[in-house]
Each structure stands twice: as structure tokens, then as C-alpha cells.
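# Structure assessment
So you can see what is in the structure, the chains are spelled out below.
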Amino acid sequence: MSATVIDGKAFAAKVRGQVGEHVTRLKAEHDLTPGLAVVLVGEDPASQVYVRSKGKMTVEVGMKSVEHKLDVDTSEADLLAVIDGLNNDPTIHGILVQLPLPEHLNEDLVINAIDPAKDVDGFHISNVGLLGTGQKSMVPCTPLGCLMMLRDHHGSLSGMDAVVIGRSNIVGKPMAQLLLGDSCTVTIAHSRTKDLADVVRRADIVVAAVGRPEMVPGDWIKAGATVIDVGINRLDAPERGAGKTRLVGDVDYESCAAVAGAITPVPGGVGPMTIACLLANTLTACCRANGLAEPEGLTA
Ligand code: GUN
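Residues numbered from 1 in each chain as written. Predicted model: local features only at pLDDT ≥ 70, side-chain atom pairs only at ≥ 80, totals over all residues. Heavy atoms only, no water.

It is at 8 Å that the axes of helix α6 (residues 141–154) and helix α10 (residues 271–289) come closest, and there the two elements cross at 100 degrees. By the angle class used here, α6 and α10 are roughly perpendicular. Facing α6, whose interface residues are Cys 141, Thr 142, Leu 144, Gly 145, Met 148 and Met 149, α10 presents Met 273, Thr 274, Cys 277, Leu 278 and Asn 281. (Axes fitted to C-alpha atoms, helices over the stretch in contact; angles between N-to-C directions. Helix = DSSP H or I, 4+ residues; strand = E, 2+ residues; numbered from the N terminus. Parallel < 35°, antiparallel > 145°, perpendicular 65-115°, else oblique. Contact = heavy atoms within 4.5 Å.)

Moving on to the sheet that holds strand β1 (residues 4–5). Here 6 strands make up an open sheet; going across it, the order is β1-β11-β8-β7-β5-β6 and the pairing parallel. Each of the sheet's edge strands pairs with one partner strand only, and the pair in question is β1 and β6 (185–189). When strand β8 (residues 226–229) meets strand β11 (residues 262–263), the two strands line up parallel, connected through 2 bridges. Bridge pairing in β11 links Thr 226 to Ala 262. On the sheet, α6 packs against β1, β7 (205–208), β8 and β11 and is oriented at approximately 160 degrees with respect to β8. Against the sheet, helix α7 (residues 172–181) engages β5 (161–165), β6 and β7, with an angle of about 170 degrees to β5. (Pairing = 2+ DSSP bridges.)

In an α-helix, one full turn covers 3.6 residues, which means residues spaced three or four apart are oriented alike. Taking 1.5 Å of rise per residue, the 23 residues of helix α1 (residues 8–30) would be expected to cover 33 Å, and the 32 Å separating its terminal C-alpha atoms lies within 8% of that figure. Of all the positions in α1, only Gly 8, Phe 11, Ala 12, Val 15, Arg 16, Val 19, Gly 20, Val 23 and Leu 26 are classed as buried. Where α1 is buried, its residues meet α2 (45–60), α6 and α10. At the N-terminal boundary of α1, the capping side chain belongs to Asp 7, with an oxygen 3.1 Å from the backbone nitrogen of Lys 9. Immediately beyond the C-terminal end of α1, within one or two residues, lies Asp 31, with a positive phi of roughly 55 degrees. (Expected span 1.5 Å × (residues − 1). Buried < 20%, exposed > 50% of the residue type's maximum accessible area, 1.4 Å probe, protein only. Polar contact = N/O pair within 3.5 Å; in protein donor to acceptor, adjacent residues only side chain to side chain.)

Time to look at the packing of α2 against α10. Orientation of α2 relative to α10, taken along the N-to-C sense of each, is 50 degrees, at an axis distance of 10 Å. With respect to α10, the axis of α2 lies oblique. Like other packed secondary-structure pairs, α2 and α10 cross with a definite hand, here right-handed. For the pair α2 and α10, the contacting residues are Ser 53, Lys 54, Met 57 and Thr 58 in the first and Ile 275, Leu 278 and Leu 279 in the second. Class assignment of the residues belonging to the contact of α2 with α10 gives a composition of 4 nonpolar, 2 polar and 1 charged. (Left-handed = near helix turned anticlockwise from the far one by under 90°. Nonpolar A, V, L, I, M, F, W, Y, C, P; charged D, E, K, R; others polar.)

For the rest of this paragraph, the subject is the site of the ligand. In the neighbourhood of the ligand, the contacting residues comprise Leu 96, Val 97, Gln 98, Leu 99, Asp 121 and Phe 123. The contact in question runs from a nitrogen atom of the ligand to an N or O atom on the backbone of Val 97, over 2.8 Å. Contacts to the ligand include Gln 98, whose side-chain N or O atom sits 3.1 Å from a nitrogen atom. Coverage of the ligand by the protein chains reaches 78% of its 280 Å² of free accessible surface. (Near = heavy atom within 4 Å. Areas by Shrake-Rupley, 256 points an atom, 1.4 Å probe, with all protein chains shown as cover.)

Okay, the pattern of salt bridges next. Think of it this way: side chains of opposite charge can pair up when their charged atoms draw near. Throughout the structure, instances matching the rule amount to 9 salt bridges. Notably, a salt bridge pairs Arg 151 with Asp 182, separated by 2.8 Å at the nearest N-O pair. With Arg 151 in helix α6 and Asp 182 in the loop between α7 and β6, the pair connects residues that are 31 residues apart, well separated along the chain. Here Arg 151 falls in the partly exposed class, since its relative accessible area comes to 27%. (Salt bridge = Lys/Arg side-chain N within 4 Å of Asp/Glu carboxyl O.)

Glancing now at the pairing of β7. Every second residue of β7 is oriented toward a common face, with Ile 205 and Val 207 on one face and Val 206 and Ala 208 on the other, all of them buried. With 4 bridges connecting them, β5 and β7 associate as parallel partners. By the bridge assignment, Ile 165 is partnered in β7 with Ala 208. Examined bridge by bridge, β7 and β8 share 4 bridges and lie parallel to one another. Looking at the pairing, Ala 208 lines up with Asp 229 of β8.

It is worth spelling out the sheet that holds strand β2 (residues 35–41) at this point. Spatial ordering of the open sheet is given by β3-β2-β4, a layout of 3 strands whose pairing is parallel. Of all strands in the sheet, those with a lone pairing partner are β3 (64–70) and β4 (94–97), marking the two edges. Direction aside, the axes of adjacent strands within the sheet are offset by 15 degrees on average. As judged from the 4 bridges shared by β2 and β4, these two strands associate in the parallel manner.

Okay, here's the thing in C-alpha cells:
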């Protein structure tokens, strides 16, 4: 059996297209332009790439894009003042503080200073609690993207056995909550899980989010299962020339694709969905802030 490849790049383009159509309608019918502010502290090269890409796609869907680039030694008080300004700016509907922050800044304190209604990352403790109790919330972008792809591929997920490998606050835990919300039977596995291979072999849906290159081999996968690979790991690739690298996921693609029913590639799977869902969350936040109906199919 050879797996269906779930094309995250194409799916993300479709989601951005839908967001763009909603934005056009909001402008025409309500004179409203959703606004997204991204705050970047310091000059981490990977973060700079993300932020540039976010800004470009925000503008492409017709939204207002604001970037605050702050010095690496910005004080907590100054960062909190920027967040307070954005919380009180009615033209801004979504706020994202790029992580990781420099060591001297308390990430929890900074994230929890964001107005939960504008917390398009879904990291604020209020949103975490709302998601955990099945209430309307802002949902973290990467798990939301995974959920959208799973719903698109399967229709209903009800009654399926899902195993999430990884227990991070950003992916593993919210992913498990979302799958539970769609009536899956959910197991969260992690580095201390006993007999991980046997646990994964039971799964109709495997979400790998551990950050360990190619750690899930094909013989852990049940025939026909759907494999969602959240990992983005850069490995040296001397076979491609001196100093070259390649991206791999948390699953061994070739062996898993040979047994799975469907699989997301790396790159081109989950990755592009994250920014698409950030834009979807910004649109949702704008609709909620203005008492308008939420966009269908773009929320959890
Ligand atoms: N750094 C890497 N990914 C993310 C993300 O999804 N949100 C934020 N705020 N920072 C990140």
C-alpha cells in the first residue's frame, strides 16, 4: 500500500484564499480590516524568517500587518507597554509575540499580558482553559492546521483512536484536546511512555510532535493509518554537497508512507498550515470583536 500524500502547501493556499474572501467581504459590508501585530524581540535568524513570511501573507490576504521589532535587551516593562498599546488599539485584532524570547524575559508573564480575545496563538492561560473545557477559544495554530487537514481527509473523526506523540503546550496538549473535541479516543505519548511502538500501532491517527528526527519507523504504523508529522528538523546532508542540509520530520517518511493510508510530507505538510491558521484566527478574532458570525470551516 502506498499512502495518499496530504498536500499541506496546497491546502494552506486554499485556506488563505478563503480568509482573503472573508476579508474582502468584511471590508465591503462592514468597512472593517482585520489587523495582525507581530512582536519580535531580538534577532534570532529563524524567527526573523517566520516574521517576514507572516507579514507578507498577512498583506496578501488583505489584512493590516504591523511589526514591532524590539532590541534584544528590551526590558520586560517596555515589552509589556508595547503589548498594552496593542491591546488597546481597535485596529489590531490579533497579537503574536514571537517565541522564544530572550532569557531575561518571562514568557508566561508576557503571553498572559496579551488580551485573550487578541491572542491568535492561543497560548494565553484563559484560552488554554477554555479549550480544555470545550468552550469557544483561540486555538493554537499548528494543532488547528492538523485538525483541519484531518477533517478534510476523513470527514468525521468520531471514534477513531488517536495517538499524539509529544506533550508540549504549543502542539501536543492542545492537539489532544482538539482530537478529544472531535470524539477521538486520545492517548498522549511522550519520552517516558512504555512500549511506545505498541501504543502507536493501535492508532488510526498518529500525530508526531516530538522534535526528534525520523524517530517513528514504519513498523510502528498500523496499515492504513493517517500520519501527521509536525516535526521540522534540519539534518546535515553532505551527499548534497559541502555544508548542505535537508529538512526531515519526526517520522521516517519512506517507511511510514509504505504502510500508512495518508501522510503529511516534510516540508510541505503541516508547516504551511501554521501561518494560514494564524490568519484564520486573526479573521475569527476580528469577527468576534465586532459581533459578527465566525467564518465557517476556519475554526475548531
Ligand atoms: N515560534 C515558533 N513557532 C511559533 C508560533 O507558532 N508562535 C509564536 N508566538 N512563536 C513561535
